[in-house]
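# Results of the structural survey
The chain contents come next:
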Amino acid sequence: MAESTTPKKPRSDRRAWTRLARTITTRLRVPNAQVSAAGCLTGLREGACLESFGAWLSYEQAADLFEVVATADAADGIDLDHDLRTLDTHAQVGAQIGMRRAITAGAGDTLLTEALALRHRLPKTALCLRDGLLTPAQVTIVIQLTDLIEDPTILADVDAQIADLLRGSNSGCWDTPTVRNLVNGRVFELDPDSVRKARKRATDERCTWVSNGVHGMMNIGGSMTAENAHLAHAAVQALARTVCRHDTRTKKARASDAMYSLLAGEQFTCLCGRGTNC
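In short, a report on the structure. (Residues numbered from 1 in each chain as written. Predicted model: local features only at pLDDT ≥ 70, side-chain atom pairs only at ≥ 80, totals over all residues. Heavy atoms only, no water.)

## Details of the overall build of the protein chain
Secondary structure assignment for the protein chain yields 11 helices and 2 strands. Helices (α) and strands (β) of the protein chain occur, in sequence order from the N terminus, as α-α-α-α-α-α-α-α-α-β-β-α-α. For 278 residues, the compact-globule estimate of 2.2 N^0.38 gives 19 Å, and the C-alpha radius of gyration of the protein chain, at 26 Å, exceeds that figure by more than 25%. Taking the principal axes of its C-alpha atoms as reference, the protein chain extends roughly 100 × 60 × 45 Å. For the protein chain, buried positions account for 25% of its 278 residues. Sequence separation of at least 24 residues holds for 54% of the intrachain contacts in the protein chain that already meet a minimum separation of 6. When the accessible surface of the protein chain is summed, it comes to about 19400 Å², and 57% of that surface belongs to carbon and sulfur atoms. Side chains of the protein chain carry 33 positive and 32 negative charges; the gap between the two charge centres is 12 Å. (Helix = DSSP H or I, 4+ residues; strand = E, 2+ residues; numbered from the N terminus. Rg over C-alpha atoms; globule rule 2.2 N^0.38 Å. Buried < 20%, exposed > 50% of the residue type's maximum accessible area, 1.4 Å probe, protein only. Contact = heavy atoms within 4.5 Å. Areas by Shrake-Rupley, 256 points an atom, 1.4 Å probe, with all protein chains shown as cover. Lys, Arg positive; Asp, Glu negative; His and termini not counted. Charge placed at Lys NZ, Arg CZ, Asp CG, Glu CD.)

## Details of helix α4 (residues 105–120)
Under the 1.5 Å per step criterion, the end-to-end length of α4 is 22 Å for 16 residues, consistent within 8% with the ideal 22 Å. Restricting attention to buried positions, one finds in α4 the residues Gly108, Leu111, Leu112, Glu114, Ala115, Leu116, Ala117 and Leu118. Looking at the buried positions of α4, the neighbouring elements they touch are α2 (37–75), α3 (89–101), α5 (123–130) and α6 (136–145). (Expected span 1.5 Å × (residues − 1).)

## Considering a nonpolar patch on the surface
Nonpolar side chains collect at one region of the surface, where Val210, Met218, Ile220, Met259 and Leu263 lie side by side and expose about 500 Å² of accessible area between them. Listed by contribution, the elements that provide at least two residues to the nonpolar patch are β2 (218–222) and α11 (251–264). In this fold, leucine 263 is placed in helix α11. Overall, the relative accessible area of 61% leaves leucine 263 in the exposed class. (Patch = residues over 30% accessible without salt bridge, like charges linked within 9 Å, V, L, I, M, F, W, Y side chains within 5 Å. Salt bridge = Lys/Arg side-chain N within 4 Å of Asp/Glu carboxyl O.)

## Some points on the packing of aromatic side chains
Evaluated as defined, the whole model comprises 1 aromatic pair. Ring geometry for phenylalanine 53 and tryptophan 56: centres 5.5 Å apart, planes at 35°, overall tilted. Taken together, the residues span about one helical turn, with phenylalanine 53 and tryptophan 56 both in helix α2 at a distance of 3 residues. A residue is classified by how much of its surface remains accessible, and phenylalanine 53, at 35% relative accessible area, is partly exposed. (Phe/Tyr/Trp six-rings, centres within 6.5 Å; stacked < 30°, edge-to-face > 60°.)

## Re the layout of surface pockets
Considered as a void within the structure, the largest pocket measures approximately 770 Å³ in volume. The wall of the largest pocket is formed by 18 residues, among which Leu57, Ser58, Gln61, Arg100 and Arg101 lie closest to the centre. Looking at the lining of the largest pocket, the elements with two or more residues in it are α1 (13–28), α2 and α3. Sort the elements by how many residues they give to the lining of the largest pocket and α2 lands first, with 8 residues. When the residues that make up the lining of the largest pocket are grouped by side-chain class, the tally is 11 nonpolar, 4 polar and 3 charged. (1 Å grid on protein atoms, 1.4 Å probe; cavity = no way out; pocket = protein on both sides within 12 Å on 5 of 7 lines; lining within 4 Å. Points joined across faces, edges and corners; volume = space filled by probe spheres on them. Nonpolar A, V, L, I, M, F, W, Y, C, P; charged D, E, K, R; others polar.)

## Side note on the state of the cysteines
Under the defined criterion, the tally for this structure stands at 0 disulfides. This cysteine, cysteine 128, is not joined by any disulfide, and cysteine 49 carries the nearest cysteine sulfur, 12 Å off. Summary of cysteine pairing: cysteine 272 is not part of a disulfide, and the nearest cysteine sulfur, belonging to cysteine 278, is at 3.7 Å. (Disulfide = S-S within 2.5 Å.)

The structure is reproduced here in structure tokens:
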């Protein structure tokens, strides 16, 4: 009897992940009757490691996707170094990543940029992410702080030193300020010029923004030098403290209103409702 030539239906990604998720759950979770505080803390740490591994895997897949598309484009005669298309290879792959992960094209482009940085600039740091020694947020900081190092030898030294320090630690995990200070120290020691360039670029790119909140609210923010930020925050707090003790707003709400008054040039008033007795 001849075998059927009908192609098999591709395995569902969702079903495959469900099976994998169950396997991981069996490995990391214990029966309710055996739950303990120590076990829960261990599980939280293992969960954080799993998040780091998931981020590393996403970076790897993003970099692989770029290389596949770039290879196909090069075979079609497209010069990747002088790609004048409206959407070059990087932008196209970033958009595809965004669609697949249900994020914006801009966020997909950022993920791809970080993925390529880890693969080609910081391979040892990438392995620290894989092994749970860095969180996804921390690895983004490492990428940003080393972005302007141009000498490949210096970059390789920085990458190696960061990885060695992370793997040589007995603390198990590092908090974000410690990671930031670690990277800053290594970069400043080996390539002080890149630190000055990064400072100038950050200053030149200062800006303001608003973003949507919930229930009719929005968020407003701005980037500026640390000195200006401290002065601005102090000015807001000082104005918020000018109301009397009967003001009905919370401390945070008063600060928000004080900030609006300073930005809009409007008078900041007390809301105690006591009139002349305020």
